[in-house]
Amino acid sequence: MRLADLIDALVLDGAGDLAGRVTDVRLVETADGLVVDGLVVSPKRRGRLLAWDHRPVERPRILGAIARAGSRRARWVPWDAVASHEPPGRLGDLGTVRLDRASADLVPLADAQREWA
Amino acid sequence: MTVHGPDPDERAPGRAYSARFHWLDRQVVADDGTPISKVDDLELDGRDGRLYATAVLVGPDALAPRLRGRLGRLVAAVARRLAAAEGGRPPRIDLADVAAVGAAVTLRPSTGDLRVHALEDWTRANVIERIPGARHASG
């Protein structure tokens, strides 16, 4: 499979409800190789442009405020919360990621970024 | 005296990346800085319940799935035509050949001919060289 199968994929939570779309994928180097650590999921289109797994924008302050506002609904999905993932049925369509837990149980991206810092 | 520390862009266990920020659309360069292509996608392989990135994918065949709808299918159709002309293998750079990830994705010195310019080669042979006066250009 490819990274393109995950980026922009529809994310369904444990109840089958739409949790959002994948806006970014976090990769971590390990002794065994470069592994997918988890997904950034955003429910709103505005957040998809700004919710990246990267150091949060702090300065200048106005950009920091815009970045926080755009990504405040973004959630962090560790890879072990992914129950299954399906590639697009046809090229150009969206893939699907299914979680093993409810959307309410997902950690806000900002909290996860603080742990990584 | 100048002291050179470790390269902060060098790949090392524990280092984390944003796929969108650090990898996708980044320029791929040889160890001497020669531009090669850009990262159009990453190949992922499932193993032991985890998903590993195993290669950088380049070219229109790699880019097409990232384009939605008809545009993606059109680009894929062009890529299939080019792949047939090249022998059917889409360009792929094994991740073991990637030495560093920073402003660009830098390959190790031992990486050989990658043949990633199928579209450029086709355009040169079938469009550019047919323009009257094309052979008069310098360089």
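Our subject is the structure listed above.
The present account deals with the structure reproduced in this document. Because the structure is predicted, anything quoted here is derived from the model rather than measured.

Where a protein is soluble and globular, its nonpolar side chains tend to be buried together. Ranked by internal contacts, the top residues of the largest apolar core, which has 40 residues, are Val25, Leu27, Leu39 and Val97 of chain A together with Trp23 and Val56 of chain B. In this structure, Trp23 of chain B is in contact with Leu27 and Leu34 of chain A together with Tyr17, Ser18, Val39, Leu42, Val56, Leu95, Val98, Val101 and Val105 of chain B, ignoring residues within four places of it in sequence. Judged by nonpolar contacts, the second largest core, of five residues, contains Val40, Ala74, Trp76 and Ala112 of chain A.

A full pass over the atoms with the stated rule returns two aromatic pairs over all chains. Pairing Trp76 of chain A with Trp116 of chain A gives two aromatic rings, centres 4.7 Å apart and planes at 85°, and the pair type is edge-to-face. Of the two residues, Trp76 of chain A is situated in strand E4 (residues 75-78) and Trp116 of chain A in helix H3 (residues 109-116); the sequence distance between them amounts to 40 residues. Looking at Trp116 of chain A, the relative accessible area reads 27%, which means it is partly exposed. Note on Tyr17 of chain B and Trp23 of chain B: the rings are 5.6 Å apart at their centroids and 80° apart in plane angle, and the pair reads as edge-to-face. Judged by relative accessible area, which is 1%, Tyr17 of chain B ranks as buried. Under the relative-accessibility criterion, Trp23 of chain B is labelled buried at 0%. The ring centre of Trp116 of chain A lies 3.8 Å from the NZ or CZ of Arg26 of chain A, which sits over that ring. Between the NZ or CZ atom of Arg47 of chain B and the centre of the ring of Tyr52 of chain B, over which it lies, the distance is 3.9 Å.

Further remarks concern the interface of chain B and chain A. Contacts between the two partners involve 37 residues from chain B, matched on the other side by 33 residues from chain A. Together chain B and chain A conceal approximately 3000 Å² of surface at their shared face, both sides included; 57% is due to carbon and sulfur atoms. The tally of links between chain B and chain A comes to one salt bridge. Glu29 of chain A is the salt-bridge partner of Arg11 of chain B, the closest N and O atoms lying 2.6 Å from each other.

The rules behind these values
- Sequence order sets the numbering: in each chain, residues are counted from 1 along the sequence as written.
- In the order they appear in the text, chains get letters beginning with A and ligands get numbers beginning with 1.
- With the structure being a predicted model, the display of local features is reserved for residues of pLDDT at least 70 and the display and counting of side-chain atom pairs for 80 or more, all residues being used for whole-chain, interface and lining totals.
- For side-chain calculations, the full set of non-hydrogen atoms in the structure is used, while hydrogens and water are omitted.
- Nonpolar cores were defined as sets of buried Ala, Val, Leu, Ile, Met, Phe, Trp, Tyr and Cys residues, with membership established by side-chain atoms within 4.5 Å.
- To sort residues, take the accessible area from a 1.4 Å probe on protein chains only and compare it with the maximum for the residue type: under 20% means buried, over 50% means exposed, and anything in between is partly exposed.
- The contact criterion used throughout is that any non-hydrogen atoms of two residues lie within 4.5 Å.
- The pairing test for Phe, Tyr and Trp rings, Trp by its six-membered ring, is centres within 6.5 Å, and the orientation test on the planes gives stacked under 30 degrees, edge-to-face over 60, and tilted for anything in between.
- Secondary structure is summarised from DSSP: a helix means a run of H or I of at least four residues, a strand means a run of E of at least two, and numbering begins at the N terminus for each.
- Any Lys NZ or Arg CZ found within 6 Å of a ring centre and within 35 degrees of that ring's normal is scored as a charge over the ring.
- Accessible area that two parts lose when put together, evaluated with a 1.4 Å probe and summed over both, is termed the buried area.
- One speaks of a salt bridge when a side-chain nitrogen belonging to Lys or Arg is within 4 Å of a carboxyl oxygen belonging to Asp or Glu.

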